[in-house]
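Each chain, written out:
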Amino acid sequence: MRRSSREVRAAVNDLRREERERPLPEMASALVERVRAMAPDQDVRLAVGEGFPEVPLGRRGEEILSVIQEAMTNARRHSGARNVRVNLDAGTEELVVEVSDDGRGFGAGAAPGVGLSSMRERAAALGGRLEVESAAGSGTTVRLTVPRSGPSRETAEDGAVRPAPAGPRQNGGRA
(Lines give C-alpha, C1' and ligand atoms only; values in the text may rest on other atoms or scores of the structure.)
Protein backbone atom coordinates (compact mmCIF):
# COMPACT_ATOMS: atom_id res chain seq x y z
CA MET A 1 0.00 0.00 0.00
CA ARG A 2 2.78 2.45 0.92
CA ARG A 3 4.65 1.62 -2.26
CA SER A 4 1.63 2.32 -4.48
CA SER A 5 0.98 5.55 -2.56
CA ARG A 6 4.58 6.64 -3.19
CA GLU A 7 4.24 5.71 -6.86
CA VAL A 8 1.05 7.74 -7.22
CA ARG A 9 2.68 10.70 -5.46
CA ALA A 10 5.70 10.43 -7.77
CA ALA A 11 3.44 10.31 -10.85
CA VAL A 12 1.58 13.42 -9.67
CA ASN A 13 4.86 15.24 -9.07
CA ASP A 14 6.04 14.23 -12.58
CA LEU A 15 2.82 15.69 -14.02
CA ARG A 16 3.38 18.90 -12.07
CA ARG A 17 6.91 19.14 -13.50
CA GLU A 18 5.49 18.67 -17.00
CA GLU A 19 2.89 21.38 -16.35
CA ARG A 20 5.62 23.79 -15.21
CA GLU A 21 7.25 23.39 -18.59
CA ARG A 22 4.16 24.59 -20.50
CA PRO A 23 3.14 28.23 -21.07
CA LEU A 24 0.16 29.38 -18.99
CA PRO A 25 -2.05 30.11 -22.05
CA GLU A 26 -1.53 26.51 -23.19
CA MET A 27 -2.36 25.14 -19.72
CA ALA A 28 -5.42 27.40 -19.47
CA SER A 29 -6.61 26.25 -22.89
CA ALA A 30 -6.38 22.60 -21.81
CA LEU A 31 -8.30 23.44 -18.62
CA VAL A 32 -11.02 25.22 -20.60
CA GLU A 33 -11.36 22.16 -22.83
CA ARG A 34 -11.77 19.90 -19.77
CA VAL A 35 -14.43 22.20 -18.33
CA ARG A 36 -16.27 22.27 -21.67
CA ALA A 37 -16.38 18.47 -21.60
CA MET A 38 -17.70 18.44 -18.02
CA ALA A 39 -20.25 21.20 -18.57
CA PRO A 40 -21.43 21.04 -22.20
CA ASP A 41 -24.36 23.35 -21.39
CA GLN A 42 -21.96 26.21 -20.56
CA ASP A 43 -20.28 28.37 -23.18
CA VAL A 44 -16.70 28.60 -21.85
CA ARG A 45 -14.22 30.80 -23.69
CA LEU A 46 -10.61 31.79 -23.28
CA ALA A 47 -9.10 35.06 -24.50
CA VAL A 48 -5.37 35.72 -24.30
CA GLY A 49 -4.33 39.35 -24.56
CA GLU A 50 -1.42 40.56 -26.62
CA GLY A 51 1.81 40.48 -24.68
CA PHE A 52 0.81 37.70 -22.29
CA PRO A 53 3.91 35.56 -21.71
CA GLU A 54 4.12 32.55 -24.02
CA VAL A 55 6.90 31.01 -21.96
CA PRO A 56 6.54 28.62 -19.01
CA LEU A 57 6.04 30.39 -15.68
CA GLY A 58 7.03 27.39 -13.55
CA ARG A 59 5.40 27.20 -10.13
CA ARG A 60 3.91 30.67 -10.64
CA GLY A 61 2.03 29.32 -13.65
CA GLU A 62 0.78 26.36 -11.60
CA GLU A 63 -0.48 28.66 -8.85
CA ILE A 64 -2.20 30.98 -11.32
CA LEU A 65 -3.76 27.99 -13.08
CA SER A 66 -5.05 26.72 -9.72
CA VAL A 67 -6.85 30.03 -9.16
CA ILE A 68 -8.38 29.81 -12.65
CA GLN A 69 -9.44 26.23 -12.00
CA GLU A 70 -11.07 27.08 -8.65
CA ALA A 71 -12.95 30.05 -10.12
CA MET A 72 -14.17 27.92 -13.03
CA THR A 73 -15.18 25.12 -10.67
CA ASN A 74 -17.22 27.59 -8.62
CA ALA A 75 -18.90 28.87 -11.78
CA ARG A 76 -19.69 25.34 -12.95
CA ARG A 77 -20.94 24.02 -9.60
CA HIS A 78 -22.63 26.97 -7.96
CA SER A 79 -23.51 29.76 -10.37
CA GLY A 80 -25.95 28.31 -12.87
CA ALA A 81 -24.05 30.33 -15.47
CA ARG A 82 -24.59 29.85 -19.18
CA ASN A 83 -21.41 31.75 -20.10
CA VAL A 84 -17.96 31.69 -18.50
CA ARG A 85 -15.07 33.80 -19.76
CA VAL A 86 -11.40 33.42 -18.91
CA ASN A 87 -9.20 36.36 -19.85
CA LEU A 88 -5.41 36.46 -19.60
CA ASP A 89 -3.98 39.96 -19.93
CA ALA A 90 -0.57 41.51 -19.37
CA GLY A 91 0.55 44.99 -18.49
CA THR A 92 4.13 46.16 -18.29
CA GLU A 93 4.35 45.35 -14.56
CA GLU A 94 1.65 42.76 -13.92
CA LEU A 95 -0.41 39.87 -15.20
CA VAL A 96 -4.18 39.98 -14.86
CA VAL A 97 -6.26 36.83 -14.97
CA GLU A 98 -10.03 37.18 -14.89
CA VAL A 99 -12.77 34.55 -14.74
CA SER A 100 -16.29 35.91 -15.13
CA ASP A 101 -19.69 34.30 -15.42
CA ASP A 102 -23.29 35.36 -15.96
CA GLY A 103 -24.64 33.17 -13.18
CA ARG A 104 -26.71 33.93 -10.11
CA GLY A 105 -23.88 35.64 -8.22
CA PHE A 106 -23.98 36.11 -4.48
CA GLY A 107 -24.61 38.96 -2.09
CA ALA A 108 -22.36 40.63 0.44
CA GLY A 109 -23.66 38.41 3.27
CA ALA A 110 -22.57 35.16 1.61
CA ALA A 111 -20.05 33.16 3.64
CA PRO A 112 -16.79 32.58 1.77
CA GLY A 113 -15.94 28.94 1.15
CA VAL A 114 -12.69 27.04 1.20
CA GLY A 115 -12.15 27.73 -2.51
CA LEU A 116 -12.22 31.49 -2.09
CA SER A 117 -9.85 31.28 0.87
CA SER A 118 -7.50 29.09 -1.17
CA MET A 119 -7.54 31.56 -4.07
CA ARG A 120 -6.72 34.45 -1.69
CA GLU A 121 -3.84 32.47 -0.18
CA ARG A 122 -2.44 31.72 -3.62
CA ALA A 123 -2.72 35.39 -4.63
CA ALA A 124 -0.84 36.46 -1.50
CA ALA A 125 1.83 33.80 -2.06
CA LEU A 126 2.33 35.21 -5.56
CA GLY A 127 2.69 38.75 -4.24
CA GLY A 128 -0.61 39.70 -5.86
CA ARG A 129 -4.21 40.40 -5.00
CA LEU A 130 -7.53 38.72 -5.61
CA GLU A 131 -10.70 40.70 -6.18
CA VAL A 132 -14.17 39.18 -6.33
CA GLU A 133 -17.07 41.19 -7.71
CA SER A 134 -20.52 39.72 -7.38
CA ALA A 135 -24.09 40.65 -6.63
CA ALA A 136 -27.11 38.42 -6.33
CA GLY A 137 -28.52 37.83 -9.81
CA SER A 138 -25.67 39.45 -11.74
CA GLY A 139 -22.84 36.97 -12.05
CA THR A 140 -19.38 36.89 -10.57
CA THR A 141 -15.95 38.10 -11.64
CA VAL A 142 -12.78 36.80 -10.02
CA ARG A 143 -9.70 38.88 -10.86
CA LEU A 144 -6.17 37.84 -9.96
CA THR A 145 -3.46 40.46 -10.40
CA VAL A 146 0.16 39.41 -9.89
CA PRO A 147 3.53 40.96 -10.65
CA ARG A 148 5.06 39.76 -13.90
CA SER A 149 7.73 38.14 -11.74
CA GLY A 150 7.94 37.66 -8.04
CA PRO A 151 7.45 35.26 -5.17
CA SER A 152 5.65 31.98 -5.36
CA ARG A 153 5.46 29.06 -3.02
CA GLU A 154 6.62 25.51 -3.15
CA THR A 155 4.66 22.34 -2.55
CA ALA A 156 6.62 19.67 -0.76
CA GLU A 157 6.31 16.00 -1.59
CA ASP A 158 4.02 15.59 1.42
CA GLY A 159 1.61 18.15 -0.08
CA ALA A 160 2.43 20.87 2.45
CA VAL A 161 2.68 24.37 0.98
CA ARG A 162 5.71 26.41 1.98
CA PRO A 163 7.01 29.82 0.89
CA ALA A 164 9.54 29.64 -1.91
CA PRO A 165 13.09 30.69 -1.17
CA ALA A 166 13.55 34.45 -1.40
CA GLY A 167 16.39 34.22 -3.87
CA PRO A 168 19.60 32.46 -4.69
CA ARG A 169 21.48 31.10 -1.70
CA GLN A 170 24.83 32.52 -0.74
CA ASN A 171 28.00 30.44 -0.27
CA GLY A 172 27.83 28.73 -3.64
CA GLY A 173 24.33 27.34 -3.04
CA ARG A 174 25.18 25.61 0.25
CA ALA A 175 23.08 26.35 3.34
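Position labels on residues start from 1 in each chain and follow its written sequence. It should be noted that, the model being predicted, local features are given only for residues of pLDDT at least 70 and side-chain atom pairs only at 80 or more, the latter also being counted only at that level, while totals for whole chains, interfaces and linings use all residues. Based on all heavy atoms of the structure, the side-chain values leave hydrogens and waters out of the count.

### What about the environment of D43?
Worth spelling out the cut-off: Numbered from the N terminus, helices here are DSSP runs of H or I no shorter than four residues, and strands are runs of E no shorter than two. Only protein chains enter the accessibility calculation, which uses a 1.4 Å probe; a residue is then buried when its area is under 20% of its type maximum, exposed when over 50%, and partly exposed in between. In this description, contact between two residues means that some pair of their heavy atoms is separated by no more than 4.5 Å.
Relative to the helices and strands, D43 resides in strand 1 (residues 43–48). Among the residues examined, D43 registers a relative accessible area of 26% and is labelled partly exposed. Between the alpha carbons of D43 and A81 there is a distance of 8.8 Å; along the sequence they are 38 residues apart. Not counting the four nearest positions on each side in its chain, D43 is found in contact with R82, N83, V84 and R85.

### Re the confidence of the model for the protein
As a reminder, the rule being used: Here pLDDT means the predictor's own confidence in every residue, given as a number from 0 to 100.
Predicted confidence across the protein gives a mean pLDDT of 80, with 70% of residues reaching 70 or more. Predicted confidence is poor over residues 153–175, with pLDDT under 50, and the contacts of this stretch with residues over four places away or in other chains come to 26 contacts.

### Some points on the pattern of salt bridges
Quick reminder of the rule: Salt bridges are identified by distance alone: a Lys or Arg side-chain nitrogen within 4 Å of an Asp or Glu carboxyl oxygen.
In the structure shown here, the tally under the stated rule is eight salt bridges. The salt bridge involving R36 is made with E33; its shortest N-O contact spans 2.4 Å. Here R36 and its partner E33 are both found in helix 2 (residues 24–38), three residues apart, which amounts to about one turn of the helix. By relative accessible area, R36 is classed as partly exposed at 32%. The partner of E131 in a salt bridge is R129, with the nearest N and O atoms 3.9 Å apart. Put simply, D43, R45 and R85 are held in one network by salt bridges that share partners.

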